[in-house]
Protein chains: 2
Amino acid sequence: MNDETRKTDRIKAVYELDCSMSQAGNVAKDICYEQTVEVDEALVTDEFINDEIVGKIECLESLTDGRHRVTISYNQDITCFNMSGLFNVLFGNISLKQGILLTSVEFPESFTSHFKGPRFGLAGIRDLLGVRNRPLLSAPLKPMGKSPSTLASLCYELACGGIDIIKDDHGLSDQCFCSFEERVKECVEAIKKAYAATGKRTLYFPCILGEYENTEKRIRWAGKNGADGVLLPPVIFGFDFLRYISSNDEIGMPVMAHPSLSGGFFSDRKHGIRKDVMLGTLMRLSGADMVVYPNFSGRFPFSMEDCVLINDSLKKPFNNIKPSFPVPAGGTNLENIPLLKKTYGKDVVFLVGSSLFLRSHDIRDNVRYFLSLVED
Amino acid sequence: MNDETRKTDRIKAVYELDCSMSQAGNVAKDICYEQTVEVDEALVTDEFINDEIVGKIECLESLTDGRHRVTISYNQDITCFNMSGLFNVLFGNISLKQGILLTSVEFPESFTSHFKGPRFGLAGIRDLLGVRNRPLLSAPLKPMGKSPSTLASLCYELACGGIDIIKDDHGLSDQCFCSFEERVKECVEAIKKAYAATGKRTLYFPCILGEYENTEKRIRWAGKNGADGVLLPPVIFGFDFLRYISSNDEIGMPVMAHPSLSGGFFSDRKHGIRKDVMLGTLMRLSGADMVVYPNFSGRFPFSMEDCVLINDSLKKPFNNIKPSFPVPAGGTNLENIPLLKKTYGKDVVFLVGSSLFLRSHDIRDNVRYFLSLVED
């Protein structure tokens, strides 16, 4: 293998370092060792290890006196081509340090070819719905504490109003007051009934949250019992679980990813995994067909710039990996939808809860109004 | 159920809030809704939901003008008694906000009784080794890039020197240059050979890191092929995977937890999950028999106070949950061991890598020296 080939076969991670100019070189070098061999340089005496295992500084540049950008490349074999290995290499041990922010990752085709990415992706979700030229509309089943039949009634009204996608609230699991199987059965029934009445397709995504030993079973059960996809939180379950579920041909359902717990990685603006890498690139690589993230102007402190970057990460060309649908959510007000449409364009799923339910007691009319806001 | 009973059946989470005094009440109330019903207060009209589902502010006190401490209690049924549900309730959506730090959690016995906690725990690990009155000694197999047979030779030397526990480096997975099965087989063989020569028991913990579909299989395979336990990273796999593995009677092996990727949750000192909650309380509840964490005076920015808090969380009385062994690591220098012993006492596992290997080429002698530092 010549040097040129080897270079193209490496993963390139870009980190921003918060340190003085005199420290930047050492911090960069430290990352190269910490994320791979984890030993003192003096112990790396083997040529193979030095050349092939230790991370390599590809480029180091100063942004300001106290801020520097380093590109470090890693041998992709170290990751074993799964998300657990990848997370470990990109940010495992250095997560425990300070002032290191992962701002982007560039993957060679020879790496991403090991991943299927989203099974349906943005275009596939549109195909399932037969909706081409407008943003998709989504609503959550909430609040937690309602019985399966009450949630199913809400489901029916939302579907009759013409909503595209209904998802369980992400806290709904298999609680004693709302069992998973009962909820899914009743909601699937409600969707079918609405479809029979209106002829408009609505997809239902139950939430998968619960004990490890039943998680995959529950997903398979949902698929067999008429759910159209599943909602799951990759940071809670591990991103490789998302990759496994999304790429499993027997399961074969679309997956909507929820950002629960992900905020730990980007609340510190100087250390962590930047929002668009975490909720964009890595969710998409793992196979999320749709990614829920906090919208600007909602109840979470995400800026428009954050959201545009996430949106872009989910849709821009990315080797063999299909685009995912961005699902901005979290306190979106219906009145902001026209503005949001300008920001995001048509390839977006608007997920609205409280504002949709509070407009009036007539849920169907509320959905029709929601729809009127996105139609040209 | 009277009010008194209900109160004892709730999980109490303590958060520190970074906000003005006038905002503190609203931030606290927001957490109560965000972590449970996720809707506007106006939509919570049901008495059951208001009384039983929405989180409750138990106590709100100001620490300074800009810092406040709130105790919020949650109905434990919401969690469904697994770690995924628990993480979601404690910090799921609010992870996406700012200025909220989870500093402790108090669990009623009726909650923890659903968890087995560490199968072996601190005392059980001592029983396996027959070592009672001194800190345990551990060393990693590294650097990544070495072949299984080279790592097995290191294993043999460490065991002959009298080390208690050998663990794979946490980046070792099933790389093309060091397959999992070959590594485990050769290292188990090396440990047996050393035991035959010395009669001193050494435990070997291979690292479990890899694709979801093979993770449990690999753990079972390791157990059947003579590994004494496993090392796994709960933040990468999800904490409920740790709970499942540790509590599974068929697997029945001790688990050492690695903190890879956990730093995302506590690099921001004003927002996240405090180190001792993440690496102490939640690791222990999930069933980690030993917990690796960055030692102060090493190469990670952990203070002595951080470490003492983690250490304490792992060992203090905690309902039915056994104490776990603290494993301070990450650049510990042999010369600091006597001081560290004073800080931690005897119930600690010292995990030392580079400093142990760099002392001399005679690994056995290095281990004997390491041992001399902890013996009275």
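Above this text is the structure in question.
Computed from a prediction, not measured in an experiment: that's the story for all the values here.

Novice: Explain the overall build of chain A to me, and be specific about the residues and the numbers.
Specialist: A count of helical and extended segments in chain A gives 16 helices and 13 strands. In summary, chain A has a C-alpha radius of gyration of 22 Å against a globular reference of 21 Å for 376 residues, a match within 12%. For chain A, the spread of C-alpha atoms along the three principal axes comes to 70 × 40 × 35 Å. The 376 residues of chain A split such that 64% are buried. When contacts within chain A are restricted to residue pairs at least 6 apart in sequence, long-range pairs at least 24 apart make up 75% of them. Total accessible area on chain A is roughly 12,900 Å²; 48% of this is exposed by carbon and sulfur atoms.

Novice: Please provide a residue-by-residue account of the relation of the copies chain B and chain A, values included.
Specialist: The operation relating chain B to chain A is a screw motion whose rotation component is 180 degrees, with 0.0 Å of axial translation and a residual RMSD of 0.0 Å. In short, the pair behaves as if placed about a two-fold rotation axis. Here 100% of the interface residues in chain B have copies in chain A that are interface residues too; the copies meet face to matching face.

Novice: Residue-level account of the nonpolar core, with values.
Specialist: Among the nonpolar cores identified, the biggest contains 272 residues, and A:Y15, A:L158, B:Y15 and B:L158 are the most heavily contacted of them. For A:L158, the contacting residues outside a window of four places in its chain are A:A139, A:L141, A:I163, A:I166, A:L356, A:F357, A:I363 and A:V367.

Novice: Help me get a handle on the packing of helix α7 (residues 148-161) of chain A against helix α8 (residues 180-198) of chain A, residues and values and all.
Specialist: Helices that pack against each other are described as a pair by the angle of their axes relative to one another and the distance between those axes. All names here are of chain A. Interaxial distance between α7 and α8 falls to 8 Å at its minimum, and their mutual angle equals 25 degrees. Here α7 is positioned roughly parallel relative to α8, judged by the angle of their axes. Two packed elements cross with a definite hand, and for α7 against α8 that hand is right-handed. Along its contact with α7, which presents P148, S149, L151, A152, C155, Y156, A159 and C160, the element α8 presents E182, R183, E186, C187, A190, I191, K193, A194 and T198. Grouping the amino acids of the contact of α7 with α8 by side-chain chemistry returns eleven nonpolar, two polar and four charged.

Novice: Report on the pattern of salt bridges, specifying residues and quantitative values.
Specialist: Residues and elements named next belong to chain B. Under the definition given, this model contains 60 salt bridges over all chains. One salt bridge in this structure joins K200 and D164, with 2.8 Å as the shortest N-O distance. Of this pair, K200 sits in the loop between α8 (180-198) and β7 (203-205) while D164 sits in the loop between α7 (148-161) and β6 (165-168); the two residues are 36 residues apart in sequence, bridging distant segments of the chain. Judged by relative accessible area, which is 21%, K200 ranks as partly exposed. A salt bridge links D306 to R269; the nearest nitrogen and oxygen atoms lie 3.6 Å apart.

Novice: Quick rundown of the sheet that holds strand β2 (residues 56-64) of chain A? Include the residues and the values.
Specialist: Backbone hydrogen bonds are what pair the strands of a sheet, in a parallel or an antiparallel way. Residues and elements named next belong to chain A. Taking strand neighbours across the sheet as the criterion, the five strands line up as β2-β3-β1-β4-β10 in an open arrangement whose pairing is mixed. The two strands at the open ends of the sheet, each matched to only one other strand, are β2 and β10 (272-273). Pairing between β2 and strand β3 (residues 67-75): seven bridges, direction antiparallel. For L60, the partnering residue across the bridge sits in β3 and is V70.

Novice: Can you lay out unusual backbone geometry for me, pointing to particular residues and giving the numbers?
Specialist: The residue after A:K142, namely A:P143, is reached through a cis peptide bond having omega 0 degrees. Within the secondary structure, A:P143 sits in the loop between β5 (136-141) and α7. The phi angle at A:E38 is positive, at roughly 50 degrees, despite the residue not being glycine. With respect to the secondary-structure elements, A:E38 resides in the loop between α2 (21-34) and α3 (47-53). For A:E38, a relative accessible area of 8% translates into the label buried. Phi is positive for B:L261, close to 75 degrees, though the residue is something other than glycine. Tracing the backbone through its elements, the reader meets B:L261 in the loop between β9 (255-257) and β10 (272-273).

Novice: Lay out the interface of chain B and chain A with the relevant residues and their values.
Specialist: Listed by partner, the interface residues are 75 residues for chain B and 75 residues for chain A. For the pair chain B and chain A, the two sides together bury roughly 6,600 Å², of which 61% comes from carbon and sulfur. Of all residues in chain B, B:L96, B:Y212 and B:L261 give up the largest surface area on contact with chain A, accounting jointly for 12% of the area buried on that side. At the boundary of chain B and chain A, one finds six salt bridges. Between A:R243 and B:E213 there is a salt bridge; the shortest N-O distance is 2.6 Å. Remark: the boundary between chain B and chain A carries 32 residue pairs in polar contact (both at pLDDT 80 or more).

Novice: Outline helix α11 (residues 239-247) of chain A, supporting the account with residue identities and numerical values.
Specialist: Count 3.6 residues to each turn of an α-helix, and residues three or four apart come out pointing the same way. Among the nine residues in α11(A), nine count as buried, and that is most of the element. All buried positions along α11(A) are accounted for by A:F239, A:D240, A:F241, A:L242, A:R243, A:Y244, A:I245, A:S246 and A:S247.

Novice: For the packing of aromatic side chains, give the residues involved together with the corresponding values.
Specialist: Counted according to the given criterion, the structure contains 30 aromatic pairs over all chains. Look at A:F81 and A:F111: their rings are 5.6 Å apart centre to centre, the planes differ by 40 degrees, and that puts the pair in the tilted class. One end of the pair, A:F81, is in the loop between β3 and α4 (83-92); the other, A:F111, is in helix α5 (residues 109-112), with 30 residues separating them in the sequence. For the residue pair A:F81 and A:F111, the accessibility class agrees, reading buried in each case. Taken together, A:Y212, A:F237, A:F241, A:Y244, B:Y212, B:F237, B:F241 and B:Y244 form an aromatic cluster joined through their ring pairs. The lysine or arginine in question, A:R201, covers the ring of A:Y195, its NZ or CZ lying 4.3 Å from the ring centre.

Novice: Can you tell me about the side chain of B:N75, naming the residues and giving the values?
Specialist: Residue and element names in this part refer to chain B. Its location among the elements puts N75 in strand β3 (residues 67-75). Within the local environment of N75, its side chain forms a polar contact with the backbone nitrogen of D77, the two atoms lying 2.9 Å apart. Not counting chain neighbours up to four residues away, the residues in contact with N75 comprise R10 and E52.

Novice: Break down the packing of helix α11 (residues 239-247) of chain B against helix α12 (residues 275-286) of chain B for me, with residues and values.
Specialist: All names here are of chain B. Orientation of α11 relative to α12, taken along the N-to-C sense of each, is 40 degrees, at an axis distance of 8 Å. In terms of orientation, α11 lies oblique with respect to α12. Seen from α11, the contacting residues are F239, L242, R243 and S246; seen from α12, they are M278, L282, M283 and S286. Along the lines of polarity and charge, the residues of the contact of α11 with α12 split into five nonpolar, two polar and one charged.

Novice: How would you explain the sheet that holds strand β5 (residues 136-141) of chain B if you had to name every residue and give the values?
Specialist: Residue and element names in this part refer to chain B. The strand order across the open sheet formed by four strands is β7-β6-β5-β13, and the pairing between neighbours is parallel. Bordering the open sheet on either side are β7 and β13 (349-351), each of which pairs with just one other strand. Averaged over all neighbouring strand pairs, the angle between strand axes comes to 25 degrees, with direction disregarded. Across three bridges, the pairing between β5 and β13 is parallel.

Novice: Got a sec to walk through the environment of A:D289? Specific residues and values, please.
Specialist: Residues and elements named next belong to chain A. Its location among the elements puts D289 in the loop between α12 (275-286) and β11 (290-294). Taking relative accessible area as the criterion, D289 reaches 0% and is therefore assigned buried. Residues D289 and Y212, 77 residues apart in the sequence, show an inter-C-alpha distance of 22 Å. Within the structure, D289 has its side chain in polar contact with the backbone nitrogen of R119 (distance 3.3 Å).

Rules used throughout
- Residues numbered from 1 in each chain as written.
- Chains lettered and ligands numbered in written order.
- Predicted model: local features only at pLDDT ≥ 70, side-chain atom pairs only at ≥ 80, totals over all residues.
- Heavy atoms only, no water.
- Helix = DSSP H or I, 4+ residues; strand = E, 2+ residues; numbered from the N terminus.
- Rg over C-alpha atoms; globule rule 2.2 N^0.38 Å.
- Buried < 20%, exposed > 50% of the residue type's maximum accessible area, 1.4 Å probe, protein only.
- Contact = heavy atoms within 4.5 Å.
- Areas by Shrake-Rupley, 256 points an atom, 1.4 Å probe, with all protein chains shown as cover.
- Least-squares fit on C-alpha atoms with pLDDT ≥ 70 in both.
- Core = buried A, V, L, I, M, F, W, Y, C linked by side-chain atoms within 4.5 Å.
- Axes fitted to C-alpha atoms, helices over the stretch in contact; angles between N-to-C directions.
- Parallel < 35°, antiparallel > 145°, perpendicular 65-115°, else oblique.
- Left-handed = near helix turned anticlockwise from the far one by under 90°.
- Nonpolar A, V, L, I, M, F, W, Y, C, P; charged D, E, K, R; others polar.
- Salt bridge = Lys/Arg side-chain N within 4 Å of Asp/Glu carboxyl O.
- Pairing = 2+ DSSP bridges.
- Buried area = accessible area lost by both parts, 1.4 Å probe.
- Polar contact = N/O pair within 3.5 Å; in protein donor to acceptor, adjacent residues only side chain to side chain.
- Phe/Tyr/Trp six-rings, centres within 6.5 Å; stacked < 30°, edge-to-face > 60°.
- Lys NZ or Arg CZ within 6 Å of the ring centre and 35° of its normal.

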